[in-house]
Amino acid sequence: MSKPLHQRVVPSTFTLLLHDYLESCGAASEQVLGQARPSVDPEERGQVNVEQWEVLLRRAGEHLDDRYIGLRLGEMVQAKHLGVVGHLLLASQDFGAALTRLEQYQRLIFDAVPMTRRETDTAIEMVWDISEFRTGVLVGETGFATMVQFCRSLMQGDSNPHSVDFAHPPPDDIRPFEEFFRCPVKFLCSEPILRVDYELLSRPLRKTDAALEQLLEQHAQRLLDRLPKQEEVVMQV
């Protein structure tokens, strides 16, 4: 039996979000970031190391003098920034199906640390294991913000997390986080966690396409199978 061998990368389509945001602010994104705008690749072969992703986020934040750039990026995320996973979530029948697919294919949009799903009495927890590797502050904030906002865009009606836990220290002012997530937000926690209420699972999505859903899932599974794994015996050693 094999286990995922996380490459600690994000797809280049995700960095396209940063280029789009900088340009919406009137900045020359390629000049600010020192790299070319990524092209959309159906095979999603382009990757950026998460440490370099943190550098790019910090560089953009400093240029715009904005400590909360991760939240700004979340506000404008679209399916194209998440590649095949974004389109697959759009084609799901309800939020429960979308959440299951997010858990299954999350390596295609964030292949850095393992994510697991836990069920408690009060909420479903999406937990990231940082016991062996921690991403930068802005990487974590951007990841949570884009995930929450994209899920909001999928569902009919109001939808907010139950609560959000970050493992890193808080900024000077946490109010922008509370205003963005619209739920309790804590920092300096033992592990990063996004919690959602059970009642959201049956919430229908704005758009569904069963035929497209099947094609996208086949494509996503093929991309996932291509990612590196390591044999169980290696893990044991």
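Residues numbered from 1 in each chain as written. Predicted model: local features only at pLDDT ≥ 70, side-chain atom pairs only at ≥ 80, totals over all residues. Heavy atoms only, no water.

K.L.:
Looking at this structure, I do not really get the overall build of the chain. What am I missing?
P.N.:
Within the chain, the secondary structure is distributed over 10 helices and 9 strands. Within the structure as shown, the chain displays about 11500 Å² of accessible surface, and the carbon and sulfur contribution to it stands at 50%. (Helix = DSSP H or I, 4+ residues; strand = E, 2+ residues; numbered from the N terminus. Areas by Shrake-Rupley, 256 points an atom, 1.4 Å probe, with all protein chains shown as cover.)

K.L.:
In this structure, what is going on with the pairing of strand β8 (residues 193-196)? I would like to understand it.
P.N.:
For a regular strand, the rule is simple: side chains alternate between the two faces of the sheet. Side-chain alternation along β8 places Ile193 and Arg195 on one buried face and Leu194 and Val196 on a second face that is also buried. In the sheet, strand β5 (residues 124-128) pairs with β8 via 4 bridges, with the strands oriented antiparallel. Paired with Glu125 across the bridge in β8 is Arg195. Here strand β6 (residues 163-165) pairs with β8 via 3 bridges, running antiparallel. Paired with Ser163 across the strands is Arg195, a residue of β8. (Buried < 20%, exposed > 50% of the residue type's maximum accessible area, 1.4 Å probe, protein only. Pairing = 2+ DSSP bridges.)

K.L.:
I tried to follow the pattern of salt bridges on my own but got confused; where do I start?
P.N.:
Working definition: two side chains of opposite charge can pair if their charged atoms are close together. Enumeration over the complete set of coordinates arrives at 14 salt bridges. Between Glu191 and Arg118 there is a salt bridge whose closest N-O contact spans 2.9 Å. Residue Glu191 is located in the loop between β7 (185-186) and β8, and its partner Arg118 is located in strand β4 (residues 115-119); the two are separated by 73 residues in the primary sequence. Classification of Glu191 as partly exposed rests on a relative accessible area of 23%. Assessed through its relative accessible area of 33%, Arg118 is described here as partly exposed. We note a salt bridge from Glu199 to Arg203, for which the minimum N-O separation is 3.5 Å. Look at Arg203 and you get buried, because its relative accessible area is 16%. (Salt bridge = Lys/Arg side-chain N within 4 Å of Asp/Glu carboxyl O.)

K.L.:
Honestly, the environment of Pro184 in this entry has me stumped. Any pointers?
P.N.:
Looking at the secondary structure, you find Pro184 in the loop between α8 (175-181) and β7. Assessed through its relative accessible area of 52%, Pro184 is described here as exposed. On a C-alpha basis, the gap between Pro184 and Asp165 in space is 8.6 Å, while along the polypeptide they are 19 residues apart. Those residues in contact with Pro184 that lie beyond four places of it in its chain are His162, Ser163 and Val164. (Contact = heavy atoms within 4.5 Å.)

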